[in-house]
Amino acid sequence: MVRSLTVLASLFVLSAVQAEDWSQFRGPNGDGRADQRQPPIAWGDAQNIAWKTALPGRGWSSPVTDGQRIWVTAAIEHPLTEEQKEAARKEKLAGNPLANQMDVVGSVSLHWQEIDAATGRLLHDQELFSVNNPAAIHSLNSYASPTPILDRGRLFCHFGTMGTAAIDVETGKVLWKTRLPEEHSVGPGGSPVVWGDLLIVQCDGTESQSVVGLDIRTGEEVWRTKRPPMEGDKGDLHKAFCTPLLIRVGDRDQLVGLGAQWVVAYDPATGAEIWKVRHGSGFSNVSRPVYSDGIVFICTGYMKPELVAIRADGQGDVTESHVLWRMKRQVPAMPSPIVVDDLVYIVSDAGIATCVEAATGKEVWQERIGGNYSASPLFANGRIYISSREGATTVFKTGREFVSESVNTLEGQLMASPALIGNDLVLRSATHLYRISGGPEAKVSAR
């Protein structure tokens, strides 16, 4: 048993060190960093666009790629008439304060799609699940928001409670399907991660909250750990949509799972709790934690978002002993933070960029960049890239002074976080997938 756990841990460390592809949400290490890559600084319809491909359906899942092919998930929605929509809202959303912000459809077909990275040609568009009369979702969400994950020739696609599946990407064969029942309230969100031979998913619904480890070969449940008890009896304040983060602390792997009220570090092999912190009353957590120099940084979600720094070397409930600092000003509810050197960068949902010291939380600068944001930022070659729901990507330099270099607009909303193929930027809008040429030549043309 000890030997098998050691092998699993080694697999994780090896993949974190050697990965050159963009295999999961926020890249090889899940932190949005690609230090040595050189994406373009500026682009437009006539500049640096290698190709642009219309994608069937709708989805906010981010692209993943092995450099030769790109994969996304999508939802083909079958709409209702206006009369049917009104009747469905009354049936499903009576008394719901968010009713006017919710979308309803008659049915939805959930797909995985494969795109040729060199040409942008759509190679596969295959249905995995079909759901009649699906639950309503928030208008800012989609039925295909969780990002798939690519691991050892398999693509794992997760659609929340509507289904989870594994695909052999060489043959297109569906290896297994399963379903993890959960009441999302506003639609699916968080993406899965892989550790060794486990696919790990956070299931933080309104009725129950847990973290689940599935066997990647069969989809069968290996372990399930309930979240710590929460205060209050209102289920909507207990839900979350976060993607967990795998980190290495000393000689031990940890799975950091942020949810409503609590952030917990688990042993990814067994689901056993290592440490936990009661972060407050935040819920509907979307942003992924980040980790640097022994410190985990989280954004606490809706209510009054805070940026919290936590030492990751604790055991048990370390709320009183391991929280280093909290910052409350212009903290995002959805975009994830990013850490570069000794600084933490965040962009609020309403377009306020902030830089703070990682060790102290002291503000270094704060600037309005404009727009509204759901996607998480990317760091590469001394710059941060952040895409807005209005379709604009702002590029600014890292450092102790704010220096904006460009604002680049594409057609449609940018809800998905970016990916990279070498130096090339891959962006998914509401309607299209783009490959944007990078490298030294692109930098010259951007001046």
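Enquirer: When you look at the environment of Ser185 in this model, what are you seeing that I'm missing?
Expert: Within the secondary structure layout, Ser185 lies in the loop between β11 (174-178) and β12 (193-195). Sequence spacing of Ser185 and His138 is 47 residues, and the spatial spacing of their C-alpha atoms is 8.5 Å. Here the side chain of Ser185 touches Asp236 through a polar contact of 2.7 Å, side chain to side chain.

Enquirer: How should I be thinking about the nonpolar core in this particular structure?
Expert: For soluble globular proteins, nonpolar side chains are generally found buried alongside one another. Judged by nonpolar contacts, the single largest core of 23 residues is most densely connected at Trp43, Ile70, Ile115, Leu425, Leu433 and Ile436. Looking at this core, the elements that each hand over two or more residues are β3 (69-78), β29 (378-380), β33 (419-421), β34 (424-428) and β35 (432-436). Setting aside residues up to four positions removed in sequence, Ile70 forms contacts with Trp51, Pro63, Val64, Thr65, Gln113, Glu114, Ile115, Ala117, Ile421, Val426 and Leu433. Within the second largest apolar cluster, 21 residues are counted, among which are Trp71, Ala75, Leu110 and Leu150.

Enquirer: Sorry if this is basic, but what is going on with the sheet that holds strand β24 (residues 323-327) here?
Expert: In a beta sheet, neighbouring strands pair by backbone hydrogen bonds and run either parallel or antiparallel. Within the open sheet, the four strands sit side by side as β20-β21-β22-β24. Their pairing is antiparallel. Only two strands of the sheet have a single partner each, and these edge strands are β20 (290-292) and β24. On average, adjacent strands in this sheet sit at an angle of 20° to one another, irrespective of strand direction.

Enquirer: Would you explain the sheet that holds strand β10 (residues 164-168) in this entry?
Expert: If you trace the four strands from one edge of the open sheet to the other, you get β8-β9-β10-β11, paired in antiparallel fashion. Lying at the two open borders of the sheet, with one neighbouring strand each, are β8 (149-151) and β11. Strand-to-strand twist of the sheet, defined as the mean angle between neighbouring strand axes without regard to direction, takes the value 15°. The pairing of β10 with β11 spans four bridges and is antiparallel. Bridge assignment links Ala165 to a residue of β11, and that residue is Lys177.

Enquirer: Is there a simple way to explain unusual backbone geometry in this structure?
Expert: Only a minority of non-glycine residues have a phi that is not negative, and only a minority of peptide bonds are not trans. The phi dihedral of Ser284 falls on the positive side, at around 50°, and the residue is not glycine. Mapped onto the elements of the fold, Ser284 is located in the loop between β19 (273-278) and β20.

Enquirer: Looking at this structure, I do not really get the side chain of Asp424. What am I missing?
Expert: For Asp424, the position within the fold is in strand β34. A polar side-chain atom of Asp424 sits 2.8 Å from a polar atom in the side chain of Arg435.

Enquirer: Which parts of the structure should I look at to understand the environment of Ile421?
Expert: Secondary-structure assignment places Ile421 in strand β33. Put simply, Ile421 and Leu198 are 223 residues apart on the chain and 26 Å apart in space, counted from C-alpha to C-alpha. For Ile421, the residues in contact, after removing those within four places along its chain, are Arg37, Thr65, Gly67, Ile70, Ala117, Val426 and Arg435.

Enquirer: Which parts of the structure should I look at to understand the confidence of the model for the chain?
Expert: In regions of low pLDDT, the predicted coordinates are not meant to be interpreted in detail. The predicted model of the chain has a mean per-residue pLDDT of 93, with 94% of residues at 70 or higher. A low-confidence stretch, residues 1-19 (pLDDT under 50), is modelled with 18 contacts involving residues beyond four sequence positions or located in other chains.

Scoring rules and cut-offs
Residues numbered from 1 in each chain as written. Predicted model: local features only at pLDDT ≥ 70, side-chain atom pairs only at ≥ 80, totals over all residues. Heavy atoms only, no water. Helix = DSSP H or I, 4+ residues; strand = E, 2+ residues; numbered from the N terminus. Polar contact = N/O pair within 3.5 Å; in protein donor to acceptor, adjacent residues only side chain to side chain. Core = buried A, V, L, I, M, F, W, Y, C linked by side-chain atoms within 4.5 Å. Buried < 20%, exposed > 50% of the residue type's maximum accessible area, 1.4 Å probe, protein only. Contact = heavy atoms within 4.5 Å. Pairing = 2+ DSSP bridges. Axes fitted to C-alpha atoms, helices over the stretch in contact; angles between N-to-C directions. pLDDT = per-residue confidence, 0-100.

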